[in-house]
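For reference, the chains in residue letters:
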Amino acid sequence: MSAYWLSDPAATDALGARLARTRPARAVVHLRGDLGAGKSTLARALLRALGVTGAIRSPTYTLVERYPLPAGGEAWHLDLYRIGDAGELEFLGLDGDEAVLWLIEWPERGAAALPPADLIVHLAIERQGRQVRLQPVSDVGVAWAAACSATGSFAGGS
């Protein structure tokens, strides 16, 4: 498991860029952490680094935001904090064929209605920054985490 210290927003942007540079062709990321831990901020940094232009909205109220990627396919950013039951997801039409990247906040609320994670990103507020741990849970996730760790210097990394 790789761990990183994010001292400021620039470090979060750098981690997002690193994840974007090393992203596999298809992946599911579960973003875990308390309210305010930086899940949406990291997702936004990753999407921006993948070439998404224009507004990158938080899916807090819409539950899902879909972003076409310049390299093809779509990235889907889900925030499931406000759902009460995984059954609510069936109305969103999440068949996933066009999604090459899933970024899912509060995945435990979607349970079995979601694709399994390749990578779990744990974020925690610590002192004046954030502690981030990358936990691979599939072969795709293992390769991604290894590539991410091997990409050289990182502002805020450990």
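A brief look at the structure comes next.

Parameters at a glance
- Residues numbered from 1 in each chain as written.
- Predicted model: local features only at pLDDT ≥ 70, side-chain atom pairs only at ≥ 80, totals over all residues.
- Heavy atoms only, no water.
- Pairing = 2+ DSSP bridges.
- Helix = DSSP H or I, 4+ residues; strand = E, 2+ residues; numbered from the N terminus.
- Buried < 20%, exposed > 50% of the residue type's maximum accessible area, 1.4 Å probe, protein only.
- Contact = heavy atoms within 4.5 Å.
- Axes fitted to C-alpha atoms, helices over the stretch in contact; angles between N-to-C directions.
- Phe/Tyr/Trp six-rings, centres within 6.5 Å; stacked < 30°, edge-to-face > 60°.
- Polar contact = N/O pair within 3.5 Å; in protein donor to acceptor, adjacent residues only side chain to side chain.
- Core = buried A, V, L, I, M, F, W, Y, C linked by side-chain atoms within 4.5 Å.

## With respect to the pairing of strand β6 (residues 119–126)
Move 1: Pairing of strand β2 (residues 27–32) with β6, which is carried by 4 bridges, proceeds in the parallel orientation. Note on β6: the bridge partner recorded for V29 is L119.
Move 2: Of the strand pairs in this sheet, β6 and strand β7 (residues 129–136) are connected by 8 bridges, and their pairing is antiparallel. Pairing of E126 across the sheet is with G129, part of β7.
Move 3: The antiparallel pairing of β6 with β7 creates a hairpin that spans 2 residues between the two strands, and R127 there sits at a positive phi of about 50°.

## Thoughts on helix α2 (residues 39–49)
Move 1: For α2, every residue scored as buried is listed here: K39, S40, L42, A43, A45, L46 and L47.
Move 2: For α2, the elements touching its buried residues are α1 (9–21), β2, β3 (64–68), β4 (74–79), β5 (99–105) and β6.

## Quick look at the sheet that holds β7
Move 1: The strand order across the open sheet formed by 7 strands is β1-β7-β6-β2-β5-β4-β3, and the pairing between neighbours is mixed. Each edge of the sheet is formed by a strand with only one pairing partner; in this case those strands are β1 (2–6) and β3. Averaged over all pairs of adjacent strands, the angle between strand axes in this sheet comes to 15°, irrespective of strand direction.
Move 2: Against the sheet, α1 touches β1, β6 and β7, its axis set at about 145° to β1.

## Here's the deal with the packing of aromatic side chains
Move 1: All told, the structure shown has 2 aromatic pairs when counted by the stated rule.
Move 2: Taken together, a centroid distance of 4.9 Å and an interplanar angle of 55° make the contact between Y81 and W106 tilted. Of the two residues, Y81 is situated in the loop between β4 and β5 and W106 in the loop between β5 and β6; the sequence distance between them amounts to 25 residues.
Move 3: Overall, Y81 belongs to the partly exposed group, its relative accessible area being 29%.

## Quick word on the environment of H122
Move 1: Counting through the fold element by element, H122 comes out in strand β6.
Move 2: Given the relative accessible area of 18%, H122 is considered buried.
Move 3: Sequence spacing of H122 and G33 is 89 residues, and the spatial spacing of their C-alpha atoms is 5.8 Å.
Move 4: For H122, the contacting residues outside a window of four places in its chain are R32, Q131, V132, R133 and Q135.
Move 5: Polar side-chain contacts of H122 include one of 2.6 Å to the side chain of Q135.

## Some remarks on the nonpolar core
Move 1: With 31 residues, the main nonpolar core has L19, L101 and V121 as its most contacted residues.
Move 2: Filtering out sequence-adjacent residues up to four positions away, V121 remains in contact with V29, H30, L31, R32, L42, V132, R133 and L134.
Move 3: By size, the runner-up hydrophobic cluster in this structure holds 14 residues, among which are W76, L89, I104 and L114.

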